[in-house]
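Descriptive analysis of the structure
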Amino acid sequence: MKILVTGGLGFIGSHTVVELQNEGFEVVVIDDLSNADEKVLQGIESITGKSPIFEKLDLREKSKVTDFFQRHQDIEGAIHFAASKAVGESVEKPLLYYENNLGTLVYLLQELSKKEAASFIFSSSCTVYGQADKMPITEDAPVKHAESPYGNTKQIGEEIIRDSCRVLPHLQAISLRYFNPIGAHPSGKIGELPIGIPQNLVPFITQTAAGIREQLSVFGGDYPTADGTCIRDYIHVVDLAKAHVVALQRLLERKNKENYEVFNVGTGQGSSVLEVIASFERVSGTKLNYKIVDRRAGDVVSAYADTTKANKVLGWKAESSLDQAMKSAWDWEQNIRN
Ligand code: WQD
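Residues numbered from 1 in each chain as written. Predicted model: local features only at pLDDT ≥ 70, side-chain atom pairs only at ≥ 80, totals over all residues. Heavy atoms only, no water.

Side note on the sheet that holds strand E14 (residues 302-303)
Reading across from one edge, E12-E9-E14 is the order of the three strands in this open sheet, with mixed pairing throughout. What marks the edges here is a single partner per strand, and that holds for strand E12 (271-272) and E14. Across two bridges, the pairing between strand E9 (residues 231-232) and E12 is antiparallel. Along E12, the bridge assignment pairs Arg 232 with Ser 271. (Pairing = 2+ DSSP bridges. Helix = DSSP H or I, 4+ residues; strand = E, 2+ residues; numbered from the N terminus.)

As structure tokens, then:
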């Protein structure tokens, strides 16, 4: 069965391609290489023994998208990762984000809706909740006004899919609202490859320990939490990748209850920034050089998932602990430095 993975050479995309190939799917990857390296194909092949079909393609070029689907009429489903995802950059360049994250989604859905049947998995984010009122966060927590154009593109993206599924009965879709993906494949062959200064916590931690960054700045130590630092739900990227395969199989086997479903994908466990640092120091056996500085604009105090729906309805549960995820991140950092 042939599955399209857009953004399939990116961090979460590449880990999902590995899990799809492990399940016997034939995978076609589209990536514009704006935030990924073609060498990732070798990493995927070294893990699964085969390389997915790869086409470098900018999904903003509508005619190219139509041409692609004419050449791959046997695609039965698509997992859509391709998007710009830097929260801060989206504030500076909103139109780039609306074009790249939403224009491409519309073109993909237009092509999929020409097929007899299509299963679609959308990469969404806990960002849609903003600062939720109640922890842990359930799927029916209200979607709040987005703090950034990036977060808004996830909210609008979900609405575009929901409205499409309502009128196109042969289009079945699931949005997966990720919490904080971290870590790397245990083989050490693929992982996160941030370009430039990492915006996210875990790659900044591992690069600091590797001597690439001078010191980690902890953004805020005066939040209303046990240790004063923000709380997030850090999920191992392999657990997250597996959730995509389970969600896709749910649609392919028509087990979905509605045409459009939403699931939180997290561990259900909240960890503070200082707890993540402590985990890193435990698994690496090194002391991390960090200092607590002012809060970062736009950060919510706390966000961690209620995973009941994913566990009970989707039949998926995260298996890795924070320490295992941090160890895999550190192993990966050391691999790429060697
Ligand atoms: C986590 C915590 C920071 C860096 C974002 C997006 C989300 C998704 C994941 C794309 C926060 C603190 C961070 C640093 C720090 N992205 N931190 N020093 O902001 O929860 O989520 O990335 O899909 O949509 O919103 O992740 O890793 O940036 O921050 O103290 O150098 O670490 O303040 O509390 P975030 P993050």
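From this point, the narrative continues.
Concerning the domain arrangement of the protein
For the protein, the assigned domains are domain 1 (2-183 + 234-265) and domain 2 (201-231 + 268-306 + 315-337). The C-alpha-based centres of domain 1 and domain 2 are spaced at 25 Å. Contact residues are listed per partner, giving 20 residues for domain 1 and 23 residues for domain 2. Connecting domain 1 to domain 2 are eight residue pairs in polar contact (both at pLDDT 80 or more). Contributions of two or more residues to the side of domain 1 that touches domain 2 are made by strand E10 (234-236), helix H8 (237-252) and strand E11 (260-265). Here the side of domain 1 that touches domain 2 gets four residues from one element, more than from any other, and that element is H8. By residue class, the composition of the side of domain 1 that touches domain 2 is ten nonpolar, six polar and four charged. (Domains from an automatic or database assignment. Contact = heavy atoms within 4.5 Å. Polar contact = N/O pair within 3.5 Å; in protein donor to acceptor, adjacent residues only side chain to side chain. Nonpolar A, V, L, I, M, F, W, Y, C, P; charged D, E, K, R; others polar.)

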